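Report on the structure
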Amino acid sequence: MASRLLWASRAASYLRISAFHRGLSTVIKDLKYADTHEWVKVDGASATIGITDHAQDHLGDVVYVELPEVGVTVAQGKNFGAVESVKATSDVNSPVSGEVVEVNSELVGSPGLVNGSPYENGWIIKVKMSDTGELNSLMDSNQYSKFCEEEDAKH
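Residues numbered from 1 in each chain as written. Predicted model: local features only at pLDDT ≥ 70, side-chain atom pairs only at ≥ 80, totals over all residues. Heavy atoms only, no water.

The name given to the chain in an unreviewed UniProt entry is Glycine cleavage system H protein, and the organism recorded there is Ensete ventricosum. Its UniProt record gives the chain the following Sequence similarities (unreviewed entry) comment, quoted word for word: "Belongs to the GcvH family." Here is the UniProt Subcellular location (unreviewed entry) comment for the chain, exactly as written: "Mitochondrion". (UniProt positions renumbered as here; feature names shortened; annotations may be inferred.)

See below:
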């Protein structure tokens, strides 16, 4: 059995897929990721931000999302809101600095969108970035996948 697992692990590594349970978390190729499990989708100077599939999977069913006000300034790595689930409450940090230009008001009545569609309907805020150079400090999809695997292995 151990030799089969080792073979599967090596094959998965070669094919760049995970052979171990990660809660079937999805990582989107064209996004950038923070080590606090937020994602950012960039469109020019605009950034859409949410929590990753990995984060929502670990949180469980989301029951409340605390949203900032439009017009407030967020800073990279600093808290701008929170996500409350049946298991825990988790701060949400901004992966980039800038001004909040839109919040996902759908989350007020349907916080479960964060679980069901973390990268599409479950986005949290949109920001007009003040420093696009900050994107260089974020992980790409491959780096984030590896980061999650290493983090899960510790627990």
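Next, the rest of the story.
Once that is clear, we can look at helix α5 (residues 141-154). In a regular helix each residue adds 1.5 Å, so 14 residues correspond to 20 Å; α5 covers 20 Å between its end C-alpha atoms and thus fits that length. For α5, the complete set of buried residues consists of Ser 141, Tyr 144, Ser 145, Cys 148 and Asp 152. Projected down its long axis, α5 carries its buried residues within an arc of 100°, all on one side. Among the exposed residues of α5, those oriented more than 90 degrees off its buried face are Asn 142, Lys 146, Ala 153 and Lys 154. Buried residues in α5 make contact with β1 (32-33) and α2 (53-59). Between the side-chain oxygen of the N-cap and the backbone nitrogen of Asn 142 there are 3.1 Å, and the N-cap of α5 in question is Asp 140. (Helix = DSSP H or I, 4+ residues; strand = E, 2+ residues; numbered from the N terminus. Expected span 1.5 Å × (residues − 1). Buried < 20%, exposed > 50% of the residue type's maximum accessible area, 1.4 Å probe, protein only. Arc of directions from axis to C-beta. Contact = heavy atoms within 4.5 Å. Polar contact = N/O pair within 3.5 Å; in protein donor to acceptor, adjacent residues only side chain to side chain.)

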